[in-house]
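Chain by chain, the residues run as shown.
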Amino acid sequence: MDNNEITSVEKYLRQTFGNEAIALDRKTTKADSIEVNLGGEFIGVIYKDDEDDELSYSFNMAILADDLPK
């Protein structure tokens, strides 16, 4: 993902969720994905999908059972 894409997706997420603490970080070594952080804490990954002449971005967030309230 290039810098323009990262900025656009980050802006979209901040507006959609009403949270300026959302930040995208290029820590991953793959060119088609980027890490999502909330207040400095890793929460998921966004994958770029550019197949069939349709560009989309998929947000994947894993929730561990240990993190759920009891």
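Above this text you will find the structure in question.
Here goes a summary of the coordinates provided. None of the values given here were measured: they were computed from a predicted structure.

1. Considering the overall build of the protein
Working step 1: Within the protein one finds 1 helix and 4 strands.
Working step 2: For the protein, the α and β elements follow one another from N to C terminus as α-β-β-β-β.
Working step 3: A principal-axis box enclosing the C-alpha atoms of the protein has dimensions of 45 × 25 × 20 Å.
Working step 4: Here the protein holds 70 residues, and 23% of them are scored as buried.
Working step 5: The contacts in the protein between residues at least 6 apart in sequence include a share of 18% that link residues at least 24 apart.

2. Describing the sheet that holds strand E1 (residues 22–25)
Working step 1: Strand order in this open sheet of 4 strands is E1-E2-E3-E4, and the pairing throughout is antiparallel. The two strands at the open ends of the sheet, each matched to only one other strand, are E1 and strand E4 (54–60). The average angle at which neighbouring strand axes cross in this sheet is 30 degrees, direction not considered.
Working step 2: Judged from the 7 bridges that link them, strand E3 (residues 41–51) and E4 form a sheet pairing that is antiparallel. By the bridge assignment for E4, valine 45 is matched with asparagine 60.
Working step 3: On top of the sheet, helix H1 (residues 3–17) reaches E1, strand E2 (33–38), E3 and E4; it is set at about 160 degrees to E1, its chief contact.

3. A few points about the nonpolar core
Note that soluble globular proteins tend to have their nonpolar side chains buried in a common cluster.
Working step 1: Core analysis: the biggest nonpolar cluster contains 9 residues, these being Met1, Ile6, Val9, Leu13, Ile22, Leu24, Ile34, Val36 and Ile46.
Working step 2: Secondary-structure elements contributing two or more residues to this core are H1, E1 and E2.
Working step 3: Of the residues forming this core, the biggest block, 3 residues, is contributed by H1.
Working step 4: Each residue touching leucine 13, except ones within four places of it in the same chain, is listed here: Gly18, Ile22, Leu24 and Ile46.

Thresholds applied
- Residues numbered from 1 in each chain as written.
- Predicted model: local features only at pLDDT ≥ 70, side-chain atom pairs only at ≥ 80, totals over all residues.
- Heavy atoms only, no water.
- Helix = DSSP H or I, 4+ residues; strand = E, 2+ residues; numbered from the N terminus.
- Buried < 20%, exposed > 50% of the residue type's maximum accessible area, 1.4 Å probe, protein only.
- Contact = heavy atoms within 4.5 Å.
- Pairing = 2+ DSSP bridges.
- Axes fitted to C-alpha atoms, helices over the stretch in contact; angles between N-to-C directions.
- Core = buried A, V, L, I, M, F, W, Y, C linked by side-chain atoms within 4.5 Å.

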